[in-house]
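Results of the structural survey
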Amino acid sequence: MSSLIPNIGNYKQLISYQKADVIYQLTFDFCSRFLNKGDRTIDQMVQAARSGKQNIVEGCSASSTSTKTEIRLINVAKASLKELLEDYEDFLKTRRHQQWEKGGIEYEAMRKLGREHNDATFFLNIAATRPAETIANMAIILINQADYLLFRQLERLEKDFIENGGFSERMTALRKKQRGY
């Protein structure tokens with residue numbers, strides 16, 4: 001007999017979660033070091049980064065019984081990180097710093113590091129010796145990578161739902177099977 005409530009994997013194993021955790025910790029460090037205390041942007045950036053991470057946790061936790069909730073919360077995580085992306089881009093623009101361009105040495109080196117590492121300590125150690133402009137650019141690349149991963153995760157959730165249905169359909173199928181239909 002198939003299970004009504006599947007045992008879904010650990011969200012901490014998801015690369016999207018790991019990337020979001022790096023972004024949260026990097027953002028917290030960035031705001032603490034480079035924004036003035038009392039600046040409302042600090043709270044907005046930290047909360048957007050936290051929302052990106054926490055909505056992945058909540059969505060994955062709800063996945064056993066609600067695909068709709070999981071999809072909605074993963075999309076909220078994606079939207080929160082897009083908001084944070086805009087904050088980092090605004091930081092660079094308002095201070096007349098350059099945003100790294102695709103194909104540039106720094107951009108491509110950071111993309112490679114982002115693909116190879118999902119450990120916050122690794123990126124915090126790099127950030128500890130870098131200026132705000134560099135860290136903002138690092139965060140922008142990591143956010144774009146997380147956005148891509150979350151988009152792929154949403155595509156997979158859609159495909160799984162189309163192929164396997166959701167909780168209500170599993171309930172009905174199990175009930176029919178129990179009754180001998």
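This section reports on the structure supplied with the text. (Residues numbered from 1 in each chain as written. Predicted model: local features only at pLDDT ≥ 70, side-chain atom pairs only at ≥ 80, totals over all residues. Heavy atoms only, no water.)

Some thoughts on the overall build of the chain
When its secondary structure is counted, the chain shows seven helices and zero strands. Counting from the amino terminus, the chain carries its helices and strands in the arrangement α-α-α-α-α-α-α. Every one of the 181 residues in the chain was classed for burial, and the buried ones make up 40%. Taking the intrachain contacts of the chain between residues at least 6 apart in sequence as the baseline, contacts between residues at least 24 apart amount to 76%. Carbon together with sulfur atoms contributes 50% to the accessible area of the chain, which is approximately 10700 Å² in total. (Helix = DSSP H or I, 4+ residues; strand = E, 2+ residues; numbered from the N terminus. Buried < 20%, exposed > 50% of the residue type's maximum accessible area, 1.4 Å probe, protein only. Contact = heavy atoms within 4.5 Å. Areas by Shrake-Rupley, 256 points an atom, 1.4 Å probe, with all protein chains shown as cover.)

A look at the packing of aromatic side chains
Applying the stated criterion across every chain yields a total of six aromatic pairs. Centroid distance Phe 30 to Phe 34: 5.4 Å. Interplanar angle 50°. Geometry classified as tilted. A residue pair is termed a helical-turn pair when its members lie 3 or 4 positions apart in one helix, as Phe 30 and Phe 34 do in helix H1 (residues 15-34) at four residues. Among the aromatic residues, those joined into a ring-pair cluster are Phe 30, Phe 34, Tyr 88 and Phe 91. (Phe/Tyr/Trp six-rings, centres within 6.5 Å; stacked < 30°, edge-to-face > 60°.)

Looking at the pattern of salt bridges
On inspection of all chains with the given rule, the structure shows eight salt bridges. Measuring nitrogen to oxygen at the nearest pair gives 3.5 Å for the salt bridge that ties Asp 147 to Lys 82. Taken together, the residues span a long stretch of sequence, with Asp 147 in helix H6 (residues 132-164) and Lys 82 in helix H3 (residues 67-94) at a distance of 65 residues. Within this structure, Lys 78, Lys 82 and Asp 147 form a network of salt bridges that share partners. (Salt bridge = Lys/Arg side-chain N within 4 Å of Asp/Glu carboxyl O.)

Regarding unusual backbone geometry
Even without glycine at this site, Arg 96 takes up a positive phi of about 55°. As for its placement among the helices and strands, Arg 96 is situated in the loop between H3 and helix H4 (105-116). The exposed category is assigned to Arg 96, whose relative accessible area is 78%.

Here we look at the side chain of Asp 87
Note on placement: Asp 87 falls in helix H3. Among buried charged residues, Asp 87 stands out as having no salt bridge; its nearest opposite-charge side chain is Arg 95, 9.6 Å away. Those residues in contact with Asp 87 that lie beyond four places of it in its chain are Gln 44 and Met 45. (Lys, Arg positive; Asp, Glu negative; His and termini not counted.)

Overview of the nonpolar core
Membership of the largest hydrophobic core comes to 43 residues, with the highest contact counts inside it found for Phe 30, Ile 56, Leu 84 and Tyr 88. Taken together, the elements giving at least two residues each to this core come down to H1, helix H2 (40-62), H3, H4, helix H5 (120-127) and H6. A per-element tally of this core places H6 first, with 13 residues. Among residues more than four places away in sequence, those in contact with Ile 56 are Leu 14, Ser 16, Tyr 17, Ala 20, Ile 74, Ala 77 and Leu 150. (Core = buried A, V, L, I, M, F, W, Y, C linked by side-chain atoms within 4.5 Å.)

A closer look at the packing of H1 against H3
Packing of H1 against H3 brings their axes to within 13 Å, and their N-to-C directions diverge by 35°. In terms of crossing hand, the pair formed by H1 and H3 is left-handed. Judged by residue contacts, Ile 23, Leu 26, Thr 27 and Phe 30 of H1 engage Leu 81, Leu 84, Tyr 88 and Phe 91 from H3. Looking at side-chain class alone, the contact of H1 with H3 contains seven nonpolar, one polar and no charged residues. (Axes fitted to C-alpha atoms, helices over the stretch in contact; angles between N-to-C directions. Left-handed = near helix turned anticlockwise from the far one by under 90°. Nonpolar A, V, L, I, M, F, W, Y, C, P; charged D, E, K, R; others polar.)

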